[in-house]
Amino acid sequence: VNSSINNSSPSALCNTSIAVNSLYKDIPEDFLDYLVSQGFSYTPSCFAPRYLLTQYARERYNAACLQAKKMGCKVTIINECVERFSVHHSGMNEVVTGNGTSALYDYVCYSIGPCFQRQHELIDTELWLSGKVACSMNKQLSFFLKDKENISILGTKLSAIDTALYACARGIQVTLFSSSGL
């Protein structure tokens, strides 16, 4: 994928400052602390190269996956596009990929960023109202993940990683469908 976030040039900077790029809401200085631990002397108001944000996100995600594994959870990444998802006759959510592979999950999290205002354009209303689907807005996500054991996350890039980190930290088994990988 040739996206700007994957640009490894030190001159390709993030479009937001270090102060707002932490993956952890509770630890706003986490990205800065990570950069300092890597030998960089940035301040919160600096704009870091994008490849460092990608590296940080990947390392934090991998650490969260290890933590989840220690808690008995399994984290799977499926590098494919999701063709559709719907409520299966069993009551579970069926996720079907572009190549026809199908799997069932207790719940689906549609993680493309703050999509709540546009959810009606993206997700069938009946499915949305079933309570089995959520988007990655923090308020809705924390309510949605209560008492969940097995979820699929449909998304890409930082939004999906952030959602997976949040779920892994709560001991939830995660399958991440991402057409762009990590």
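Residues numbered from 1 in each chain as written. Predicted model: local features only at pLDDT ≥ 70, side-chain atom pairs only at ≥ 80, totals over all residues. Heavy atoms only, no water.

Peer 1: A description of the overall build of the protein should follow, citing residues and the corresponding values.
Peer 2: In terms of regular secondary structure, the protein is built from six helices and eight strands. For the protein, the succession of helices and strands along the chain, N to C, is α-α-β-β-β-β-β-α-α-β-α-β-α-β. Each of the 182 residues in the protein was classed as buried or not, and the buried ones make up 42%. Sequence-distant contacts, at least 24 apart, represent 57% of the contacts inside the protein between residues at least 6 apart. A total accessible area of about 9,900 Å² is found for the protein, and carbon and sulfur atoms account for 52% of it. (Helix = DSSP H or I, 4+ residues; strand = E, 2+ residues; numbered from the N terminus. Buried < 20%, exposed > 50% of the residue type's maximum accessible area, 1.4 Å probe, protein only. Contact = heavy atoms within 4.5 Å. Areas by Shrake-Rupley, 256 points an atom, 1.4 Å probe, with all protein chains shown as cover.)

Peer 1: Could you give me a rundown of helix α2 (residues 50-70), with the residues and numbers involved?
Peer 2: Taking 1.5 Å of rise per residue, 21 residues should cover 30 Å, and α2 covers 31 Å from first to last C-alpha, within 8% of that figure. Within the sequence span of α2, burial applies to R50, L52, L53, T54, Y56, A57, R60, Y61, A64, C65 and A68. After α2 finishes, the residue G72 shows a positive phi value of roughly 90°. (Expected span 1.5 Å × (residues − 1).)

Peer 1: Tell me what's going on with the side chain of E94, and back it up with residues and numbers.
Peer 2: Mapped onto the elements, E94 comes out in strand β3 (residues 93-97). Judged by relative accessible area, E94 falls into the buried class, the value being 17%. A polar atom in the side chain of E94 sits 2.6 Å from the side chain of S102. When near neighbours in sequence (up to four residues on either side) are disregarded, E94 contacts R84, F85, S86, H88, S102, A103 and L104. (Polar contact = N/O pair within 3.5 Å; in protein donor to acceptor, adjacent residues only side chain to side chain.)

Peer 1: If you had to explain the pattern of salt bridges to someone new, which residues and values would you point to?
Peer 2: Within the structure shown, the criterion is met by one salt bridge. Between D30 and R60 there is a salt bridge, with its nearest N and O atoms 2.9 Å apart. Linking D30 in helix α1 (residues 30-37) with R60 in helix α2, this pair joins segments that are 30 residues apart in sequence. (Salt bridge = Lys/Arg side-chain N within 4 Å of Asp/Glu carboxyl O.)

Peer 1: I'd like a rundown of the pairing of strand β7 (residues 150-155), residues and numbers included.
Peer 2: Counted residue by residue, β7 has six buried out of six residues, so it is predominantly covered. Residues N150, S152 and L154 point to one face of β7 and I151, I153 and G155 to the other, with burial holding for every one of them. In this sheet, strand β8 (residues 173-177) lies alongside β7 in parallel orientation, the contact comprising five bridges. Opposite L154, over in β8, you have F177 as the bridge partner. (Pairing = 2+ DSSP bridges.)

Peer 1: So what about the packing of aromatic side chains? Which residues, and what values?
Peer 2: Summed over all chains, the structure comprises three aromatic pairs. Between F31 and Y56, the aromatic rings sit 4.8 Å apart at their centres with planes inclined by 50°, giving tilted as the arrangement. A residue pair is termed long-range when its members are at least 10 positions apart, and F31 in helix α1 and Y56 in helix α2 qualify at 25 residues. A single burial state applies to F31 and to Y56, both of which are buried. When the ring of F40 is compared with that of Y42, the centres are 5.6 Å apart and the planes differ by 20°; the resulting orientation is stacked. Take F40: its relative accessible area is 28%, and that puts it in the partly exposed class. Taking relative accessible area as the criterion, Y42 reaches 23% and is therefore assigned partly exposed. Ring pairs connect the aromatic residues F31, Y34 and Y56, which therefore count as one cluster. (Phe/Tyr/Trp six-rings, centres within 6.5 Å; stacked < 30°, edge-to-face > 60°.)

Peer 1: Tell me what's going on with the environment of M71, and back it up with residues and numbers.
Peer 2: Its location among the elements puts M71 in the loop between α2 and β1 (75-78). In this structure M71 comes out as partly exposed when scored by relative accessible area, which is 44%. Sequence separation of M71 and I172 is 101 residues, and the distance between their C-alpha atoms is 9.0 Å. Beyond its immediate chain neighbours, meaning those up to four positions away, M71 contacts C168, A169, R170 and G171.

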